[in-house]
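Here is how the chains run, residue by residue.
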Amino acid sequence: MRLSRSLIPTLKENPADAQIVSHRLMLRAGLVRQTSAGIYAWLPAGFRVLQKIAQIVREEQDAVGAQELLMPTIQPAELWRESGRYDSYGKEMLRIRDRHDRELLYGPTNEEMITDLFRQSVRSYRELPQIVYHIQWKFRDEVRPRFGVMRGREFLMKDAYSFDLDYAGALRSYRQMMLAYMRTFQRMGLKAIPMQAETGPIGGDLSHEFIILAPTGESQVFYDAAFEDIDYSASNFDHTQDADLARFAALMTTHYAATDEKHDPDVFASVPRERRREGRGIEVGHIFYFGTKYSKPMNFTIAMPDGKLIHPEMGSYGIGVSRLVGAIIEASHDDHGIIWPDVVAPFKAAILNLKPEDAACTELCEKCYAALGNEALYDDRLERPGVKFADADLMGHPWQIIVGPRAAAQGMVELKRRAGGERHELSLQSALEKLAAHA
RNA sequence: CGGGGCGUGGCGCAGCCUGGUCAGCGCGCGUGUUUUGGGUACACGAGGCCGCCGGUUCGAAUCCGGCCGCCCCGACCA
């Protein structure tokens, strides 16, 4: 994209409403704008990040065999009456009436709807197990939205639902999802720690939260450094092998991990001193096993080989996709702005044309832009160099290709790495090669 | 939902207590000159229903009432 033709409104000053660093930076870097309390418009650069995160989530869900579908945001109250949650969910649920005075709601989650979809079509044990997911906007009418996109009312969530014939199967699905989660966060360059969790309004008796480490996180976490060294790749854990899943689950549950509310200093003391870690964390995912909590009241039955009917065992699995944008910034920034991990950056590189009026300079930039295409943000604005440096640092592109008139005359550019800040002067060709090699 | 605070050009704010050339400042924006590798300088200029409604008053951004919106602390949550 050409910056001069982009809706990426950067701000020099801090908006008064933004309290935490990710919120400030998202506003200042022109990623989002608030339209109501806890509701945000995603501007082009922010939307690109959102899509990249969603894509990684999608690929890792697919990799463990989950199927993507898409359910509506608006749901009939009827379904929620069946499960009993229409009354129990409380004011967080946004209730709506249509012109016929029918009761609807803007979905905060989709257990009822997916159970309904399955019971309509799935009748035999031959058709299970299955895991489905979608990446959809949710609405929870939080009493007090805050922290920008981290605690909004409208948010993008990946939610998956598993259906199994028995507990053993449900546990397998649960572990597969857990594995997919660890891979997902690792790919984004995040250190994620799974923690035993309360089941809350989703219900159930097995649940984990996924906390990613960020110096400005909301809660204090204590964990065993062993988590940082685990290789979650397919070569180490085959998600189709129960033995691998069991080994994985053992790793996830035997090492110490707890938030401050559940922290037990005595148990933590049993972790070898050099592996004890303490930090701040942000919750970005939550998974639940809840058995027949929905299949039973909603009368979803499956015929078994002996002809008996059973209620499938279910689980649900959430990742806060829009929240991750904020969480990643909390985990990766400095005084100048965002430092995007390569895989989620809105643009891989920014091309800074320090002197657009200079023919050689502009020609070299255009060449560079043509080579990089859609993954480059070309700063072709008639601005002072200082403005461009500051904006590029603020927006956090992993690479900056700085093109000034003097070096451009020699066909040289300067390549700067945002993380670390190293700069090297080299030919455009070598700069492009270095970028390609890095990916 | 309890407690607190704030709504004044795109952003950040002053003015309000002590009603009357107070509608102002910085940034941003436009034009020109300047500068030309880290948010340059100067000049000129555009832009505001002072959140909304009502009241008090000769006169309201300023005082009073109601409403709406937003933010912070707490309880709750991906």
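Residues numbered from 1 in each chain as written. Chains lettered and ligands numbered in written order. Predicted model: local features only at pLDDT ≥ 70, side-chain atom pairs only at ≥ 80, totals over all residues. Heavy atoms only, no water.

## A few points about the pattern of salt bridges
Basically, it comes down to this: By definition here, a salt bridge exists when the distance from a side-chain nitrogen of Lys or Arg to a carboxyl oxygen of Asp or Glu is within 4 Å. To qualify as a helix, a DSSP run of H or I must reach at least 4 residues; to qualify as a strand, a run of E must reach at least 2; elements of each kind are numbered from the N terminus. In this scheme, a residue with accessible area under 20% of its type's maximum is buried, one over 50% is exposed, and one in between is partly exposed, where area comes from a 1.4 Å probe on protein chains only.
One pass over the full model with this rule turns up 29 salt bridges. Linking Glu 82 and Arg 119 is a salt bridge whose minimum nitrogen-to-oxygen distance equals 2.8 Å. In this pair, Glu 82 sits in helix H3 (residues 77–83) while Arg 119 sits in helix H5 (residues 111–121), placing the two residues 37 residues apart along the sequence. Residue classification places Glu 82 among the partly exposed residues on the basis of a relative accessible area of 31%.

## Observations regarding the packing of helix H2 (residues 44–63) against helix H6 (residues 167–187)
As a reminder, the rule being used: Think of each axis as a best-fit line through the C-alpha atoms, taken over the contacting stretch in the case of a helix, with angles from 0 to 180 degrees between the N-to-C directions. Put simply, a crossing is left-handed when the front helix is turned counterclockwise from the back one by less than a right angle, and right-handed when it is turned clockwise. Whether two residues are in contact is decided by their heavy atoms: any pair within 4.5 Å suffices. Any residue outside Ala, Val, Leu, Ile, Met, Phe, Trp, Tyr, Cys, Pro, Asp, Glu, Lys and Arg is labelled polar, Gly included; the first ten of those are nonpolar and the last four are charged.
With their axes 9 Å apart at the nearest point, H2 and H6 run at an angle of 145 degrees to one another. Crossing geometry of H2 relative to H6 is assigned as right-handed. Here Ile 56, Val 57, Glu 59, Glu 60 and Gln 61 of H2 lie close against H6, whose contacting residues are Met 177, Ala 180, Tyr 181, Arg 183, Thr 184 and Arg 187. Grouping the constituent residues of the contact of H2 with H6 by class yields 5 nonpolar, 2 polar and 4 charged.

## Comments concerning H5
Buried residues dominate H5, accounting for 8 of its 11 residues. Within H5 the residues assigned to the buried category are Glu 111, Glu 112, Met 113, Ile 114, Thr 115, Asp 116, Phe 118 and Arg 119.

## Concerning the domain arrangement of chain A
The condition is simple: For the domain bounds, the source is a domain assignment made automatically or taken from a database. The quantity reported as buried area is the accessible area (1.4 Å probe) lost by two parts once they are put together, taken as the sum for both. For the purposes of these results, a polar contact is taken to be a pair of N or O atoms within 3.5 Å, where, inside protein, one atom must be able to donate a hydrogen and its partner to accept one; residues adjacent in sequence count only when each atom of the pair is a side-chain atom.
Splitting chain A by domain gives domain 1 (3–337) and domain 2 (347–438). The centre of domain 1, based on its C-alpha atoms, is set 37 Å off from the matching centre of domain 2. On the domain 2 side, the residues contacting the 15 residues of domain 1 number 13 residues. Between domain 1 and domain 2, a total of about 1,200 Å² is buried, with carbon and sulfur atoms accounting for 56% of that surface. Three residues, Leu 3, Thr 10 and Arg 48, lead the burial of domain 1 against domain 2; their summed loss comes to 46% of the area buried on that side. Our enumeration of links across domain 1 and domain 2 arrives at 3 salt bridges. Here Asp 334 makes a salt bridge to Arg 418, at a shortest N to O gap of 2.8 Å. There are 8 residue pairs in polar contact (both at pLDDT 80 or more) connecting domain 1 and domain 2. Elements with a minimum of two residues in the side of domain 1 that touches domain 2: helix H1 (21–28) and H2. Sort the elements by how many residues they give to the side of domain 1 that touches domain 2 and H2 lands first, with 3 residues.

## Some words on the protein's contact with RNA strand B
We apply this condition: Neighbouring residues are identified by heavy atoms, a residue being near a molecule or strand if any of them is within 4 Å of it.
Taken together, the neighbourhood of RNA strand B is formed by 43 residues, with Arg 144, Arg 151, Glu 283, Glu 414 and Arg 423 sitting nearest. The share of sugar and phosphate among atoms of RNA strand B within 4 Å of the protein is 46%. Between RNA strand B and the protein, one listed contact pairs a sugar or linking oxygen with a side-chain N or O atom of Gln 34 at 3.2 Å. Between a base nitrogen of RNA strand B and a side-chain N or O atom of Asp 393, the distance comes to 2.9 Å. For the surface near RNA strand B, the secondary structure elements donating two or more residues are strand S1 (32–36), strand S13 (276–291), helix H11 (385–395) and strand S22 (412–417). For the surface near RNA strand B, the element with the highest residue contribution is H11, accounting for 7 residues.

## Let's talk about the pairing of strand S16 (residues 313–320)
Which entries qualify depends on this criterion: When DSSP locates at least two bridges between a pair of strands, those strands are taken to pair.
Counting buried residues in S16 gives 8 out of 8 residues, a clear majority hidden from the surface. Residues Glu 313, Gly 315, Tyr 317 and Ile 319 line one face of S16 and the alternating positions Met 314, Ser 316, Gly 318 and Gly 320 line the opposite face, and both faces are buried. Relative to S16, strand S8 (residues 154–164) runs antiparallel, the two being bridged by 8 bridges. Across the sheet, the residue bridging to Phe 163 is Met 314, located in S16. Bridge analysis of S13 against S16 gives 6 bridges, and the strand direction is antiparallel.

## Brief notes about the sheet that holds strand S19 (residues 349–353)
Sheet architecture is open: 5 strands sit in the order S20-S19-S21-S22-S23, paired in mixed fashion. Each edge of the open sheet is held by one strand with a lone partner, namely strand S20 (376–379) and strand S23 (423–427). Within the sheet, the average angular offset between the axes of one strand and its neighbour, ignoring direction, is 25 degrees. Pairing geometry for S19 and strand S21 (residues 399–403), over 5 bridges, is parallel. Within the sheet, the bridge partner assigned to Ile 351 lies in S21 and is Ile 401. Each of S19, S20, S21 and S22 is contacted by helix H10 (residues 359–372), which is oriented at about 165 degrees to S19, the strand it contacts most. The strands touched by H11 are S19, S20, S21 and S22; relative to S19, the strand with the most contacts, the crossing angle is about 175 degrees.

## Considering the environment of Phe 288
The residue Phe 288 is located in strand S13 in this model. Taking the C-alpha atoms as reference points, Phe 288 and Glu 209, 79 residues apart in sequence, are found 9.0 Å from one another.

## Side note on the state of the cysteines
Applied cut-off: Two cysteine sulfur atoms make up a disulfide if the distance between them is within 2.5 Å.
The final tally for this structure, using the stated rule, is 0 disulfides. The thiol sulfur of Cys 361 is not disulfide-bonded, and the nearest other cysteine sulfur, from Cys 365, lies at 5.0 Å.

## Section: the packing of aromatic side chains
The condition is simple: Any two of the Phe, Tyr and Trp rings considered here, Trp counted by its six-membered ring, make a pair once their centres fall within 6.5 Å; the pair's planes then place it as stacked at under 30 degrees, edge-to-face at over 60, or tilted in between. Each ring is checked for a lysine NZ or an arginine CZ that lies within 6 Å of its centre and within 35 degrees of its normal; such an atom marks a charge sitting over the ring.
Enumeration according to the criterion identifies 16 aromatic pairs in this entry. Considering the side-chain rings of Phe 222 and Phe 268, the 5.7 Å spacing of their centres and the 70 degrees angle between planes classify their relative orientation as edge-to-face. Residue Phe 222 is found in strand S11 (residues 219–224), and its partner Phe 268 is found in helix H8 (residues 265–268); the two are separated by 46 residues along the sequence. Of the two residues, Phe 222 and Phe 268, both sit in the buried class. An angle of 70 degrees between the planes, with centres 5.4 Å apart, marks the rings of Phe 237 and Phe 248 as edge-to-face. With Phe 237 in the loop between S11 and helix H7 (242–254) and Phe 248 in helix H7, this pair connects stretches of sequence that are 11 residues apart. For the pair Phe 237 and Phe 248, a shared accessibility class is recorded, and that class is buried. One aromatic cluster is present, formed by Phe 118, Phe 163 and Phe 300 through successive ring pairs. When the ring centre of Tyr 86 is taken as origin, the NZ or CZ atom of Arg 95, which lies over that ring, is 4.6 Å away.

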